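Geometric and topological summary
For reference, the chains in residue letters:
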Protein chains: 2
Amino acid sequence: MSCPEPLRERAERLDAVDPLAGYLDRFVVTEPGLIYLDGNSLGRLPRTTVDAVRRTVEHQWGEELIGSWERHWMALPTLLGDLLGQAVLGAGAGQVVVGDSTTVSLYKAVSAALDAAPGRTDVVVERDGFPTDRYVVESLARRAGGKVRWLEPPGPDGVRPGHLDGLLGPTVAAVVLSHVDYRSAALLDLPSVTAAIHAAGALAVWDLCHSVGVVPIDLDAAEADLAVGCTYKYLNGGPGAPAFTYVRRDLQPSLGQPIWGWWGRADMMAMPQGYQPVDGVGAWLAGTPPVLSMAAVEPGVRLVSEAGVPAIRAKSMALTALAVQLYDEWLVPAGFGLATTRDPARRGSHITVTHPDAESLVRRLVEAGVVPDFRRPDGIRLGFSPLTTRFVDVHDGLWRLASLAAGDRAL
Amino acid sequence: MSCPEPLRERAERLDAVDPLAGYLDRFVVTEPGLIYLDGNSLGRLPRTTVDAVRRTVEHQWGEELIGSWERHWMALPTLLGDLLGQAVLGAGAGQVVVGDSTTVSLYKAVSAALDAAPGRTDVVVERDGFPTDRYVVESLARRAGGKVRWLEPPGPDGVRPGHLDGLLGPTVAAVVLSHVDYRSAALLDLPSVTAAIHAAGALAVWDLCHSVGVVPIDLDAAEADLAVGCTYKYLNGGPGAPAFTYVRRDLQPSLGQPIWGWWGRADMMAMPQGYQPVDGVGAWLAGTPPVLSMAAVEPGVRLVSEAGVPAIRAKSMALTALAVQLYDEWLVPAGFGLATTRDPARRGSHITVTHPDAESLVRRLVEAGVVPDFRRPDGIRLGFSPLTTRFVDVHDGLWRLASLAAGDRAL
């Protein structure tokens, strides 16, 4: 099977006119031949991050020692929060903090939602949602004496407001939804789904892990209540980079998170008796944040901010459109299915194709220099990170996948 | 006021025969004249940490990308846990994990203790304990429908088993105590206090932040139940370095922590329906750990392990003994008090002196090149980190403090 030239030429032409093409040079790329289609799991390393972390370690920690807490680090959770709010979340200042993991952040958010409405003990979450979201909801609904209301998979187009009809009601405190689904890539209409949740008197808790930095988000305009997300995918914040938490300003006085720690205490350094949360979103902090990991967050967010989410989204839609086209061309005949919607407006920046031999294909694809993600039982997730993924990467990656599969099954 | 030479000569002699003197060269020291007496708040930067973090950023993240999760990072929480267990906690393998902040770790521990004993809804904690410990206990006792039983400050010698007599009882689920008090430095006898707590049917939850790495700890031998602690003080793990959690092996099947996340799930990567904790201490993980901060933990622990806690403790006792001697000599006449016990066996590796002008003295001391910690309302905490603090540092630091105070008040 030889590679059909016209399609590759088309990919090359798309790269040639790509206004974001220059951003790849802003990242560390040591193996130019590698086709990395997993930036939606761990984004590449921005060059400026290397210096930012080194400065934090060698200068701030090594030289300035404890003085760096006041000079550089105490404000990091809210500074990074405001930066994320402005750059990628559509959130005015004072509504976002960065610190704990996504799981811990979501735990705080869902717990606060349950506490805020004593009569409401149930939480809605997707049956196919990201595991940690489901587990957090299971834990907290049970603890509240309520139950999980499972939203059954609505198909590759994802949840629409109507899908919630039978699930909402007077006992539901919150609905936890992924803005972009980690497998299907279904992109929900955040404003209309939020409105439907509000109409039933519940709070909307958004998991933005797979949408932040690659899809336009306007939390303030949508009147979203709570949102969490990680910073290590399209924001390129590094492995396990701390998550953010958004709490809408007017909800802040009435919502309280359960993990009372010194970082959320008013007049923290006075170390007073009795917990009193500080005014504002700072009350959502708990313990001392992991500074070295925090230091790696800003450079990636700055790159996304500089490129601009609209331009990133435009390229992202073109990348997934090319991938779907190549899927039709090469992967359908090789026995693959498509778990992602064909509507570009309703998907994020990855696609998932399915194949009975997905696990072995992914292993062989990695050996062949293409890195996707395997999602049990039969999913191959191909992620496109617009600042670092070229159109020829999409072409060559899918071509190698098709070629490998053709070894198993005639094209 | 001129510096009395004989005492400084004695300090120099102590340094000359100090078997740990060579360790200072293993740390980054850019300002040799600085007298850093705050290593008990943020330990100095080990030289090998610079390379460890750089390798994690540039090689593991930058080059190996997502492959590093399986190759290097997935096992970090338990590998670091076992290392800490062996090196500094007296804990056999499989009982310690590293990941979240101390606050989040303590929240899990106290919550699990309350859940394990439905009839027991109260928690004992020190009125003068570290703020985050008090706040976590307040939050969880209230949530459990119980109350906080406050242990009033027993003086600089710290809590003995008898002090718990009136507080323990059939409604107490757990007692949260600092092994070494963050202000007074009182060092508790962990085994006998644990035994007293057990005799009343409660669980002992130890906060080891100010003792780990500088005081011998044998959690297994003491049959401690749960313990948490940070890694950024005497373990030199860097700002906000993740905390550890110890869960005694035979308690693991019956204790469940509340933050159900994908990292604590059995068969995690299968992302199955329904939370089922993995067997063992791995169930105490929640979300994705902050890898860059995790990467900085090992080098400092290795240094402590190489030097050995007994040798570190011996030097620590000599350092605090010198400090108390100099306090008597210089600080008593200058109007200072001592908030730390005079019994070296009953204190950790810092001393706290008190003075009505403590806040302004600390500010001027920092300007004079000596870095202590101010603890409201009137405490000056002088921390001695045996791998990096010299006897002449103790001498010169206290001399400068005395000289500054003499400006306010005649010696």
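Keep in mind that what you see is a predicted model, and the values were worked out from it rather than measured.

The rules behind these values
- Residues numbered from 1 in each chain as written.
- Chains lettered and ligands numbered in written order.
- Predicted model: local features only at pLDDT ≥ 70, side-chain atom pairs only at ≥ 80, totals over all residues.
- Heavy atoms only, no water.
- Helix = DSSP H or I, 4+ residues; strand = E, 2+ residues; numbered from the N terminus.
- Rg over C-alpha atoms; globule rule 2.2 N^0.38 Å.
- Buried < 20%, exposed > 50% of the residue type's maximum accessible area, 1.4 Å probe, protein only.
- Contact = heavy atoms within 4.5 Å.
- Axes fitted to C-alpha atoms, helices over the stretch in contact; angles between N-to-C directions.
- Left-handed = near helix turned anticlockwise from the far one by under 90°.
- Nonpolar A, V, L, I, M, F, W, Y, C, P; charged D, E, K, R; others polar.
- Phe/Tyr/Trp six-rings, centres within 6.5 Å; stacked < 30°, edge-to-face > 60°.
- Buried area = accessible area lost by both parts, 1.4 Å probe.
- Salt bridge = Lys/Arg side-chain N within 4 Å of Asp/Glu carboxyl O.
- Polar contact = N/O pair within 3.5 Å; in protein donor to acceptor, adjacent residues only side chain to side chain.
- Least-squares fit on C-alpha atoms with pLDDT ≥ 70 in both.
- pLDDT = per-residue confidence, 0-100.

Turning our eyes to something else, we now look at the overall build of chain A. Each helix and strand counted, chain A has 13 helices and 13 strands in total. Computed over its C-alpha atoms, the radius of gyration of chain A comes to 22 Å, within 12% of the 22 Å expected for a compact globule of 411 residues. The dimensions of chain A, computed from C-alpha atoms along their principal axes, are 75 × 60 × 35 Å. Counting over 411 residues, chain A shows a buried share of 64%. In chain A, 71% of the contacts between residues at least 6 apart in sequence involve partners at least 24 apart.

On to the packing of helix α5 (residues 102–116) of chain A against helix α6 (residues 131–143) of chain A, then. Residues and elements named next belong to chain A. Running from N to C, α5 and α6 cross one another at 40°; their axes reach a closest spacing of 10 Å. As for how α5 packs across α6, the hand of that crossing is right-handed. Contact residues: α5 offers Thr103, Leu106, Tyr107, Val110, Ser111 and Leu114, while α6 offers Thr132, Asp133, Val136, Leu140 and Ala141. The residue makeup of the contact of α5 with α6, split by class, is seven nonpolar, three polar and one charged.

Residues and elements named next belong to chain A. Across all of its chains, the model carries 15 aromatic pairs over all chains by this definition. Geometrically, the ring pair formed by Phe130 and Tyr182 is edge-to-face, given 4.9 Å between the ring centres and 85° between the ring planes. Placement of the pair is Phe130 in the loop between β3 (122–126) and α6 and Tyr182 in the loop between β5 (172–178) and α7 (190–199), with a sequence separation of 52 residues. The residues Phe130 and Tyr182 share a single accessibility class, namely buried. Residues Trp260 and Tyr275 carry aromatic rings whose centres are separated by 4.8 Å and whose planes lie at 15° to one another, so their mutual orientation is stacked. One end of the pair, Trp260, is in the loop between β8 (244–247) and α9 (291–295); the other, Tyr275, is in the loop between β8 and α9, and 15 residues separate them in sequence. Clustering of aromatic rings is evident, with ring pairs tying together Trp69, Trp73 and Trp263.

Bringing the interface of chain A and chain B into the picture now. In this assembly, 77 residues from chain A lie in contact with 77 residues from chain B. Here chain A meets chain B over a buried area of about 6400 Å², counting both sides, of which 63% is carbon and sulfur. Of all residues in chain A, Trp61(A), Tyr135(A) and Trp260(A) bury the most surface against chain B, accounting for 13% of the area lost on that side. Notably, a salt bridge pairs Arg376(B) with Asp267(A), separated by 3.8 Å at the nearest N-O pair. In this assembly, chain A and chain B are joined by 36 residue pairs in polar contact (both at pLDDT 80 or more). Tallying contributions element by element places α6(A) first for the side of chain A that touches chain B, with nine residues. For the side of chain A that touches chain B, the class distribution of residues is 40 nonpolar, 20 polar and 17 charged.

Glancing now at the relation of the copies chain A and chain B. When chain A is fitted onto chain B, the two copies agree to an RMSD of 0.0 Å after a turn of 180° and an axial shift of 0.0 Å. The superposition of one copy onto the other is thereby described by a two-fold rotation axis.

All right, on to the confidence of the model for chain A then. Per-residue confidence for chain A gives a mean pLDDT of 96; residues scoring 70 or more make up 98%. Note on the complex model: pTM 0.97, ipTM 0.97.

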